[in-house]
Amino acid sequence: MKLDIIGSVASGKTTLARTISEKYHIQFYEKDNIVWERTSEGDRKRNPQKRDQMFRQILEREDWIVEGSPRKVLLESFDLCDHIILLDVNTGVRLYRVFRRWIRQKQGKERYNSKPTLKFLYDNILWVFEYDHQKKTLMTQLTGYGGKCRIFKNSRQVMAFIEETYGQPMD
């Protein structure tokens, strides 16, 4: 199984990748953690050569799941995956999730990579709307991958597709 799960901020990509990973015992990787080096002093953009090497090592594995917002780098996975899963979740749902996530992170109830500051909340809100503005371009780009690209409105639809395609997970 080789999956690339894409979508807007707060569309449920990481949660979905984690769920599939746990059910099918396949490691998943967050593209943000490939692009950004997480340090105690804050995030630093990873050296492009190191980033690309890290990503190639993941893609050389027999099975993998990568997830992240669509970006200009790390596109090799589109060619190598079995399926590109686009989570196309309603804007209102994504905004609600952004606020809920931020509050839960501020309360210490949810793990985070980037500190939940007001600026980060603002950035996430902007990214939700940025995705909406870039969606038409993204859809056009994805047509080049034909039937490999699947668009879903929620994670339940994706899980039904995964189980139909790969069978029930064996525990």
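One numbering rule holds for all chains: residues counted from 1, following each sequence as written. In keeping with the model being predicted, local features are shown solely for residues with a pLDDT of at least 70 and side-chain atom pairs are shown and tallied solely at 80 or more, while totals for entire chains, interfaces and linings include all residues. Hydrogen atoms and water are omitted, and side-chain values are computed over all heavy atoms in the structure.

The chain is annotated in an unreviewed UniProt entry as DNA topology modulation protein FlaR from Candidatus Onthocola gallistercoris.

Brief notes about the pairing of strand β5 (residues 64-68)
Counted only if it meets this: Summary of the burial criterion: residues with accessible area below 20% of their type's maximum are buried, those above 50% are exposed, and those between are partly exposed, where the area comes from a 1.4 Å probe applied to protein chains only. A run of DSSP states H or I qualifies as a helix once it reaches four residues; a run of E qualifies as a strand once it reaches two. Both are numbered from the N-terminal end. Strand pairing requires that DSSP identify at least two bridges connecting the strands.
Where burial is concerned, most of β5 is hidden: five out of the five residues are buried. Covered by surrounding structure in β5 are Trp64, Val66 and Gly68 together with Ile65 and Glu67, the residues of both alternating faces. Sheet topology note: the strand β1 (residues 2-7)/β5 ladder contains five bridges and is parallel. Paired with lysine 2 across the two strands is tryptophan 64, which belongs to β5. One ladder, built from three bridges, connects strand β2 (residues 28-30) with β5; its direction is parallel. Its bridge partner lying in β5, tyrosine 29 is registered against valine 66.

Focus: unusual backbone geometry
At alanine 10, a position not held by glycine, the phi torsion is positive, near 65°. Its location among the elements puts alanine 10 in the loop between β1 and α1 (13-24). We note that histidine 25 has phi near 55°; this positive angle belongs to a residue other than glycine. Take histidine 25: it is sitting in the loop between α1 and β2. On the basis of relative accessibility, which here comes to 58%, the residue histidine 25 falls in the exposed class.

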